Amino acid sequence: MIKFKKIPSSEITPEHIYYDRRNFIKNLGLILGSTALSSFTNKSFALLNTLPSFAQSKERDKEKLSSYKDITSYNNYYEFGTSKSDPQDHAHLLKIDPWSISIEGSVAKPLKLDIDELIKLIPLEERIYRLRCVEGWSMVIPWVGIPLHSLLKKVSPTGNAKYVEFISLKRPNEMIGQKDDMLDWPYTEGLRMDEAMHPLTILAVGLYGKVLPKQNGAPIRLVVPWKYGFKSIKAITKIRLVEKMPISTWMKANPKEYGFYANVNPEVDHPRWTQATERRIGENLLSPRLKTQMFNGYLEEVAHLYQGMDLNKNF
Ligand SMILES: Nc1nc2c(c(=O)[nH]1)N[C@H]1C(S)=C(S)[C@@H](COP(=O)(O)O)O[C@H]1N2
Ligand SMILES: [Mo]
């Protein structure tokens, strides 16, 4: 089963070495994950077999990776509090073993799996994606995960499956931010079926070649790189295929500010601030803000999903 030890800093691969190792491995056509930590890491990462993966050949993918430290200490995870350091400070309280994820609803073959079963079922891949938070900051993160479409195909969606709803955990004794009802717990999110089936959409179980830290959504979280970070729901327990558009937590909390689509779009501002630029976490505070790109730089891959839609209305 999954053992989550605290990672001693001596075991964390420095970013430049990680990069070199990755390229080395890529060139040899081998698999990633030799300096692993836990049985889960060893087991799962022996299955990581497709480097370089889907989106990794373009200019945008040569961006510098954010540091492991920034990725794991500057987080949004309101179940543990609203400040950026709360998840790092409090997520250790969450028990993630055992953990199962069920896929149900409008499907012919519902599934309930633990994480080990899931990664035996579908080979892991690495994906380096930009994460753009709606608040105006961004990072570049090397995820390890599975394409969501591979999992959805296993359950045979029926004709009524038009949307996918994701449901996180509600356990206020461990998720101490849930003692506050600032959001309607559990955190939920949703995608249209074609967005969920898009090859860029993944379920992540690791980052930097290691098992996912709790503050980043262990044991399993969604990553949809062309959408604002809040769509990337953490600690998923249930995936439900449904006919009607699900109302996500943030839509419910503030429908004027957070829509269903939440596509990164520099031309549609948040009602209270611009979305035209972003601050890359880890860069010097004096360095200029970066220009935010349409669909977070994934325009070529996803523009067809929104053809003919008014993105000012469908924000
Ligand atoms: N369950 C849950 N998932 C969540 C959130 C949250 O508060 N709860 N915050 C979201 C937001 S706003 C962002 S920007 C990303 C941040 O992911 P990271 O901390 O791994 O960078 O997680 C998203 N997923
Ligand atoms: Mo966010």
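A few points on the structure. Since the structure is predicted, the reported quantities are computational estimates derived from the model, not experimental observations.

What counts and what doesn't
Residues numbered from 1 in each chain as written. Chains lettered and ligands numbered in written order. Predicted model: local features only at pLDDT ≥ 70, side-chain atom pairs only at ≥ 80, totals over all residues. Heavy atoms only, no water. Pairing = 2+ DSSP bridges. Helix = DSSP H or I, 4+ residues; strand = E, 2+ residues; numbered from the N terminus. Axes fitted to C-alpha atoms, helices over the stretch in contact; angles between N-to-C directions. Near = heavy atom within 4 Å. Polar contact = N/O pair within 3.5 Å; in protein donor to acceptor, adjacent residues only side chain to side chain. Areas by Shrake-Rupley, 256 points an atom, 1.4 Å probe, with all protein chains shown as cover. Nonpolar A, V, L, I, M, F, W, Y, C, P; charged D, E, K, R; others polar. Salt bridge = Lys/Arg side-chain N within 4 Å of Asp/Glu carboxyl O. Buried < 20%, exposed > 50% of the residue type's maximum accessible area, 1.4 Å probe, protein only. Contact = heavy atoms within 4.5 Å. Phe/Tyr/Trp six-rings, centres within 6.5 Å; stacked < 30°, edge-to-face > 60°. Lys NZ or Arg CZ within 6 Å of the ring centre and 35° of its normal. Core = buried A, V, L, I, M, F, W, Y, C linked by side-chain atoms within 4.5 Å.

## Observations regarding the sheet that holds strand E1 (residues 100-105)
1) Next: Taken in spatial order, the five strands line up as E2-E1-E10-E5-E6 in an open sheet, and their pairing is mixed. In this open sheet, the two strands that pair with only one neighbour each are strand E2 (111-114) and strand E6 (188-192). Strand-to-strand twist in this sheet, taken as the mean axis angle between neighbours without regard to direction, amounts to 15 degrees.
2) Next: With four bridges joining them, E1 and strand E10 (residues 236-242) adopt parallel strand pairing. Residue Ser102 lies in a different strand from E10, and its bridge partner there is Lys238.

## Brief notes about the site of ligand 1
1) Next: In the region of ligand 1, 15 residues are neighbours, and Asn75, Tyr78, Glu79, Ser232 and Lys234 sit closest.
2) Next: Glu79 is positioned such that a nitrogen or oxygen atom in its side chain is 2.7 Å from a nitrogen atom of ligand 1.
3) Next: Contact between ligand 1 and Lys234: an oxygen atom at 2.7 Å from a side-chain N or O atom of the residue.
4) Next: Relative to its free-state accessible area of 540 Å², ligand 1 is covered by the protein chains to the extent of 98%.
5) Next: Residues of the shell around ligand 1, tallied by class, amount to six nonpolar, six polar and three charged.

## A word on the pattern of salt bridges
1) Next: This structure, assessed with the given rule, holds 17 salt bridges.
2) Next: Salt-bridge contacts for Glu278 lead to Arg132; the nearest nitrogen and oxygen are separated by 3.1 Å. Placement of Glu278 in strand E11 (residues 277-280) and of Arg132 in strand E3 (residues 125-132) is noted, with a sequence separation of 146 residues between them.
3) Next: Accessibility expressed as a relative area gives 3% for Glu278, which makes it buried.
4) Next: The shortest N-O distance in the salt bridge between Lys313 and Asp310 comes to 3.7 Å.

## Things to note about the environment of Ser150
1) Next: Relative to the assigned elements, Ser150 resides in helix H6 (residues 148-154).
2) Next: Ser150 gets classed as buried once you look at its relative accessible area, which sits at 18%.
3) Next: The sequence separation of Ser150 and Pro123 amounts to 27 residues, and the corresponding C-alpha distance is 9.4 Å.

## Describing the environment of Leu203
1) Next: Following the sequence through the fold, Leu203 ends up in strand E7 (residues 202-207).
2) Next: Among the residues examined, Leu203 registers a relative accessible area of 0% and is labelled buried.
3) Next: Counting along the chain gives 31 residues from Leu203 to Lys234, while the straight-line C-alpha distance between them is 9.6 Å.

## Comments concerning the environment of Gly105
1) Next: Relative to the assigned elements, Gly105 resides in strand E1.
2) Next: Once the C-alpha coordinates of Gly105 and Val164 are considered, the two residues, 59 residues apart in sequence, prove to be 9.2 Å apart.
3) Next: Sequence-distant contacts of Gly105, defined by excluding residues within four places in its chain, comprise Arg240 and Leu241.

## Focus on the packing of aromatic side chains
1) Next: Counting across every chain of the model gives 12 aromatic pairs.
2) Next: A network of ring pairs unites the aromatic residues Tyr163, Phe260, Tyr261, Phe295 and Tyr306 as a single cluster.
3) Next: One cation-aromatic arrangement involves Lys231 over Phe260; the distance from NZ or CZ to the ring centre is 4.5 Å.

## Concerning the nonpolar core
1) Next: In this structure, Trp143 and Ile239 are the most contacted members of the largest nonpolar core, which totals 82 residues.
2) Next: Top contributing element to this core by residue count: strand E4 (residues 137-147), with seven residues.
3) Next: When residues no more than four places from it in sequence are discounted, the contact partners of Ile239 are Ile101, Ser102, Ile103, Glu104, Leu148, Leu151, Leu152, Val164, Glu165, Phe166 and Leu203.

## Some points on unusual backbone geometry
1) Next: For the bond from Asp97 to Pro98, the omega torsion is 10 degrees, close enough to zero to count as cis.
2) Next: If you trace the backbone, Pro98 turns up in the loop between helix H4 (86-90) and E1.
3) Next: Of the consecutive residues Ala218 and Pro219, the connecting peptide bond is found in the cis state with omega at 5 degrees.
4) Next: Here Pro219 is to be found in the loop between strand E8 (210-211) and strand E9 (221-223).

## Some words on the pairing of E10
1) Next: Most of E10 sits inside the fold, with five of its seven residues counted as buried.
2) Next: Note that strand E5 (residues 163-168) and E10 share six bridges and pair antiparallel. Along E10, the bridge assignment pairs Phe166 with Ile239.

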